[in-house]
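Topology and contacts: notes
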Amino acid sequence: MKLSALALGLSLFVAAPALAQQPAGYQIALDLQKVSNDQVRVVINTPPVKEAKATYVMPSVVPGSYSKKDYGRFVTGFTAYDKKGKKLKVTKDGANLFLIDNAPSLARLEYSVDDTWDVKQDDAFIFQPGGTNFDAGKNFVLNHYGLYGYLEGYKMQPYQVTVTKPATFYGATSLAAQHPAPTQDVFSAPSYVALADAPILYSKPDTASFSTGGARISVAVVSETGAVQAAQVREIMRPMAEALTKYFGQMPVPEYHFLMYFPSFGSALASEKGGYGAMEHSYSSLYFLPEVPDADRLRSMVQEVASHEFLHMLAPLNIHSREIGEFDFRNPQMSQHLWLYEGVTEYIAQLVQVRGGLTSPEQFQQRIKEKIDKADKFPTISFTEMSRKILEPPYKDMYDNVYEKGALIGLLLDIRIQELSQGRQSLRDVLLALRQKYGPTRSFEDKDLIPEVVALTSPAIQQFFDQYVIGSQPLPYAEYFDKIGWRFQGEGQSKIKAFGNLGFRYDTDKKLFRAAQTKPEQNAFGLNEGDAILAVNGTALDMTNAEKLLRPLVEPASLEPVTVRFQSGTAPVQEKKATPREFDVTLKNVLEVNPAATPAQRALGEKVLAPLR
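To start, this report covers the structure provided alongside it. Here the structure is a predicted model, which is why all the values come from computation and not from measurement.

What to know about the pairing of strand E16 (residues 200-203)
Of the two faces of E16, both are covered, the one formed by Ile200 and Tyr202 as well as the one formed by Leu201 and Ser203. Pairing of strand E13 (residues 170-172) with E16 involves three bridges; the strand directions are antiparallel. Residue Ala172 lies in a different strand from E16, and its bridge partner there is Leu201.

Quick look at the nonpolar core
Formed by 158 residues in total, the largest nonpolar core has its most connected members in Tyr56, Tyr148, Phe258, Val302, Trp339 and Phe481. Broken down by element, the residue count for this core peaks at 11 residues, all from helix H7 (residues 338-355). Setting aside chain neighbours within four positions, we find Phe258 in contact with Ile217, Ser218, Val219, Ala220, Met237, Met240, Ser285, Tyr287, Ala306 and Phe310. Ala515, Leu549, Leu550 and Val564 belong to the second largest nonpolar core, which has 18 residues in total.

Considering the environment of Met237
With respect to the element layout, Met237 can be found in helix H4 (residues 230-248). Since its relative accessible area comes to 1%, Met237 is described here as buried. Spatially, the C-alpha atoms of Met237 and Leu286 are 14 Å apart, while their sequence positions differ by 49 residues. Beyond its immediate sequence surroundings of up to four residues, Met237 is in contact with Phe210, Val219, Phe258, Met260, Val302 and Ala306.

Regarding the environment of Asp135
Mapped onto the elements of the fold, Asp135 is located in strand E9 (residues 133-135). You can call Asp135 partly exposed: its relative accessible area is 24%. Expressed as a C-alpha distance, the spacing of Asp135 and Ser203, which sit 68 residues apart in the sequence, is 9.7 Å.

As for the packing of H7 against helix H10 (residues 405-420)
Packing of H7 against H10 brings their axes to within 7 Å, and their N-to-C directions diverge by 70°. Taken as axis vectors, H7 and H10 run roughly perpendicular relative to one another. You can see that H7 and H10 cross each other, and the crossing is right-handed. Contact residues: Trp339, Gly343, Val344, Glu346, Tyr347 and Leu351 in H7; Gly406, Ala407, Ile409, Gly410, Leu411, Leu413 and Asp414 in H10.

Looking at the pattern of salt bridges
The full count for this structure, using the stated rule, is 26 salt bridges. When the shortest N-O distance is used, the salt bridge between Arg322 and Glu445 registers 2.5 Å. Of this pair, Arg322 sits in helix H6 (residues 322-325) while Glu445 sits in the loop between helix H11 (427-437) and helix H12 (449-456), and the two are 123 residues apart along the sequence. Residue Glu445 is classed as partly exposed on the basis of its relative accessible area of 33%.

Remarks on unusual backbone geometry
Here the bond from Ala315 into Pro316 is cis, since omega is 15°, no more than 30 degrees from zero. Cis peptide bonds are those with omega within 30 degrees of zero, and the linkage from Pro393 to Pro394 qualifies with 0°. Within the secondary structure, Pro394 sits in the loop between helix H9 (383-388) and H10. With a phi angle near 55°, Asp38 is a residue other than glycine that sits in the positive phi range. Its place among the elements puts Asp38 in the loop between strand E1 (26-31) and strand E2 (39-45).

What to know about the packing of H11 against H12
As a packed pair, H11 and H12 sit with axes 10 Å apart at the nearest point and diverge in direction by 120°. As the angle between them shows, H11 and H12 are arranged oblique. Along this stretch, H11 crosses H12, giving a crossing that reads as right-handed. Contacts from Val430, Ala433, Leu434 and Lys437 of H11 reach H12 at Leu449, Glu452, Val453 and Leu456. Taken together, the residues of the contact of H11 with H12 sort by class into six nonpolar, no polar and two charged.

Regarding the sheet that holds strand E5 (residues 87-88)
Within the open sheet, the eight strands sit side by side as E5-E4-E8-E2-E1-E12-E15-E14. Their pairing is mixed. Each edge of the sheet is formed by a strand with only one pairing partner; in this case those strands are E5 and strand E14 (176-181). Across four bridges, the pairing between E14 and strand E15 (residues 184-189) is antiparallel. In the strand pairing of E15, Ala176 is matched with Ser188.

What about helix H13 (residues 461-468)?
Along H13, the residues classified as buried are Ile461, Phe464, Phe465 and Tyr468. Buried residues of H13, viewed axially, fall in a sector of 100°; they line one side. Its buried side turned inward, H13 meets H7, H10, H12 and helix H14 (477-483).

A few points about the sheet that holds strand E10 (residues 139-142)
Spatially, E9-E10-E16-E13 is the arrangement adopted by the four strands of the open sheet, whose pairing is antiparallel. With one partner strand each, in any of the chains shown, E9 and E13 form the two edges of the open sheet. Each strand axis lies, on average, 15° off the axis of its neighbour in the sheet, ignoring direction.

Brief notes about the packing of aromatic side chains
For the coordinates displayed, the defined rule picks out 39 aromatic pairs. Consider the rings of Phe464 and Tyr468, whose centres lie 5.4 Å apart with planes at 70°: the pair is edge-to-face. Note that Phe464 and Tyr468 are positioned in helix H13 at a spacing of four residues, about one turn of the helix. No difference in accessibility class separates Phe464 from Tyr468, as the two residues are buried.

Cut-offs applied
Residues numbered from 1 in each chain as written. Predicted model: local features only at pLDDT ≥ 70, side-chain atom pairs only at ≥ 80, totals over all residues. Heavy atoms only, no water. Buried < 20%, exposed > 50% of the residue type's maximum accessible area, 1.4 Å probe, protein only. Helix = DSSP H or I, 4+ residues; strand = E, 2+ residues; numbered from the N terminus. Pairing = 2+ DSSP bridges. Core = buried A, V, L, I, M, F, W, Y, C linked by side-chain atoms within 4.5 Å. Contact = heavy atoms within 4.5 Å. Axes fitted to C-alpha atoms, helices over the stretch in contact; angles between N-to-C directions. Parallel < 35°, antiparallel > 145°, perpendicular 65-115°, else oblique. Left-handed = near helix turned anticlockwise from the far one by under 90°. Salt bridge = Lys/Arg side-chain N within 4 Å of Asp/Glu carboxyl O. Nonpolar A, V, L, I, M, F, W, Y, C, P; charged D, E, K, R; others polar. Arc of directions from axis to C-beta. Phe/Tyr/Trp six-rings, centres within 6.5 Å; stacked < 30°, edge-to-face > 60°.

This is a description of form; function is not addressed.
This is the structure:
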């Protein structure tokens, strides 16, 4: 996520009748009309405390991030007051803990918070969808865990957040809300865990919605140049949501909110260390994705990212261990089941797209091959062990593998379940059975999940987990893909058409594309690293047509010649025509349909990828 001091008087709390109705719990006030230096002032009326010393906790880690963030480092001027307005002694302990003396007399906390999007994008930078953005008069991204925490032992108390905001702003969120005045919103949540699970996107409204499977799906968009509209995103989301409805039978949630921020390519917020992507929540997901003017590229990007985040409404919302359901923001204990939360979620996201007709079987197979390629870059270790220790080295550097090997585990597990049941049961059936038993408010014990999956399927499934999830044996791609009529080779020979080693990157300062990862002798056009690409086949190159014009230079579909106009530094503009050549290459992880597959193999493959009806 990306990404000024404001003084709120006590009178605000006295004057707000909604706060007086809820004496228990936390009453928080934010004033988004008074922001300077990218700081927001936080004022909190606290619940009664029994202990002599209280510890106010800002999160170290938040659900869905799997890495330490230390949100307390953005807090300044932390002050505690008793009921008479007298300051209490406060001692800071590390980045995230504030120790308050004489805690039974504590009545109010006040401090300022910096947003996270505007800080230096170094190794400590918080991924934009997990942070905060305070852009006065334009928009605010409020992830609550970046603004306030809780008193140790009082995390499950109710929260009420009163926001003073510009009258023209709308706060898109899944939180329960009241609107007592055009410039005031009041949000409520039963606990800190629930509050942290529901970010707010404030801006002048650009919203759209639709219904499917008994759920209302809402879209809110902030697009820095207006290149992306909520109605446009809604039409991207609709077929995906309808495919999910067919997959599940009905939506697992009554409502869902897509909160989407699209920075321009030249934006000061444009991602460096943070990258682009999204963060899931139970009833919403928050996105930071580049404005892509090409409609097809926008659809592909949004569909790919959103399908994964959307599916988190199944796991971990409806299927989660105690480590997730009672998340410890201070010293989290991590679950061993990232293979489920992220891996199976990613597999189902890809599966629903192909079964729903949003991608082709060939595209699905290619994505599986790409995941095998990426998984190969990681060591072969126990996935449950990595998951438990994902915050520690060396495992924290292996996190991305949850989307690669994790998804492959999901596919192979699905194949095995369908094979053993002769097509009568699938991984989907197992997930729906677990959802029926647990749901949003009931957690399972971490150690019990795999035995429960085995009990729901077949004793033979235990061997799969012992070898490939708990154990560290390499996934048996060739054996399992053979079951569904695919052929896998770790290495194979082929011919490719190419202009040589050639890539491209976008120069955000100059707003043009440059040659990348190449040398003149390595490509047919004689391009140097950094040469500006001006036109292809006489058509001027810009962001709207880049995919169409540059893709054939990287992956030519024919042997037709192509003319490129380019410039090296300040030298005169040049133009050169070249024809791709065929190269004999050694390919890794060759995955293709087996033309000699048996009827039984084809039948199981068709069962796994059957179109949704």
